[in-house]
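Listed below, chain by chain, are the residues.
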Amino acid sequence: AQSVTQPDIHITVSEGASLELRCNYSYGATPYLFWYVQSPGQGLQLLLKYFSGDTLVQGIKGFEAEFKRSQSSFNLRKPSVHWSDAAEYFCAVGAREYGNKLVFGAGTILRVKS
Amino acid sequence: DVKVTQSSRYLVKRTGEKVFLECVQDMDHENMFWYRQDPGLGLRLIYFSYDVKMKEKGDIPEGYSVSREKKERFSLILESASTNQTSMYLCASMGTSGTSGSYEQYFGPGTRLTVT
């Protein structure tokens, strides 16, 4: 069965420090990959997505992610975190073979300390 | 910009009540989804619809039903609410899959339902 793992439930970083959020997936098909962010009390907003081509993907708010097929990973990075980045982050995976559905990870809560 | 709206941000209902959660999208999307979100579990798919009057069960359909009479509107129904259905409910919509840039889901703000 398809699955998405975000190994870190909580991460705390200092403002200005770099950030990496991990995402691993198990899929029997070529995946489409997404990172979403959810601020408190809000819905999910798409940060970036990967369908094909360049494995380093740029997103909004200065985020980027790299697809590594050999490691089945799609880690999210940001070189310098701002206090406003504090939120919950979700990795999601889909595939043409599995129709219209996405499978989401459990989420990583990011705390930013000043 | 795609806009997905949900009828209520917060809802408190009693055990046994019938509950309707409404979702409307304004982008003429074929696909619509209902998820529930619980801490540590991420988003779990309850039902989805790929066309008017069409629906498919997701991963956790028990205790829920859905209705899609118009393309822009997708309703989630709790036939007899129970305390274990206290959760955040998120609606999403998505355009036609199979083309570049598809599979991106757009989310509403969520409805936090409490069943007492």
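This text gives an overview of the structure that appears in the document. Here the structure is a predicted model, which is why all the values come from computation and not from measurement.

What follows concerns unusual backbone geometry. Phi is positive for Ser72(A), close to 50°, though the residue is something other than glycine. Structurally, Ser72(A) can be placed in the loop between strand E8 (64-68) and strand E9 (73-78). Given a relative accessible area of 26%, Ser72(A) falls into the partly exposed group. Within the chain, Asp28(B) stands out as a residue other than glycine whose phi angle is a positive 60°. Within the element layout of this structure, Asp28(B) appears in the loop between strand E3 (19-25) and strand E4 (31-38). With a relative accessible area of 53%, Asp28(B) lands in the exposed category.

A separate point is the sheet that holds E3(B). Residues and elements named next belong to chain B. Sheet architecture is open: four strands sit in the order E1-E3-E8-E7, paired in antiparallel fashion. The open sheet terminates on both sides in strands that have one partner only, identified here as strand E1 (4-6) and strand E7 (64-70). Averaged over all adjacent pairs, the angle separating strand axes in this sheet is 20°, with direction ignored. For E7 and strand E8 (residues 73-78), the ladder comprises five bridges, and the chain directions are antiparallel. Residue pairing for E8: Tyr64 is matched across the bridge by Leu78.

For the rest of this paragraph, the subject is the environment of Glu66(A). Residue and element names in this part refer to chain A. As for its placement among the helices and strands, Glu66 is situated in strand E8. Its relative accessible area of 22% is what places Glu66 among the partly exposed residues. Separated by 65 residues in sequence, Glu66 and Ala1 have C-alpha atoms that sit 23 Å apart. Filtering out sequence-adjacent residues up to four positions away, Glu66 remains in contact with Thr55, Leu56, Ser73, Phe74, Asn75 and Arg77.

With that out of the way, let us pick up the nonpolar core. Core analysis: the largest hydrophobic core is formed by 29 residues, its most contacted members being Leu19(A), Trp35(A), Leu47(A), Leu48(A), Phe74(A), Leu76(A) and Tyr89(A). Counting residues per element, the ones that place at least two in this core are strand E2 (10-14), strand E3 (19-21), strand E5 (32-38), strand E6 (44-50), E8, E9, strand E10 (87-94) and strand E12 (108-113) of chain A. The element best represented in this core is E10(A), accounting for four residues. Those residues in contact with Leu19(A) that sit more than four places away from it in its chain are Ile11(A), Val13(A), Phe63(A), Leu76(A), Arg77(A), Lys78(A), Val81(A) and Leu110(A). The next biggest cluster of nonpolar side chains, apart from the first, holds 21 residues, and it includes Tyr32(A), Leu44(A), Phe33(B) and Met94(B).

About the criteria used
Residues numbered from 1 in each chain as written. Chains lettered and ligands numbered in written order. Predicted model: local features only at pLDDT ≥ 70, side-chain atom pairs only at ≥ 80, totals over all residues. Heavy atoms only, no water. Helix = DSSP H or I, 4+ residues; strand = E, 2+ residues; numbered from the N terminus. Buried < 20%, exposed > 50% of the residue type's maximum accessible area, 1.4 Å probe, protein only. Pairing = 2+ DSSP bridges. Axes fitted to C-alpha atoms, helices over the stretch in contact; angles between N-to-C directions. Contact = heavy atoms within 4.5 Å. Core = buried A, V, L, I, M, F, W, Y, C linked by side-chain atoms within 4.5 Å.

Fair warning: the whole summary comes from geometry, so function is off the table for now.
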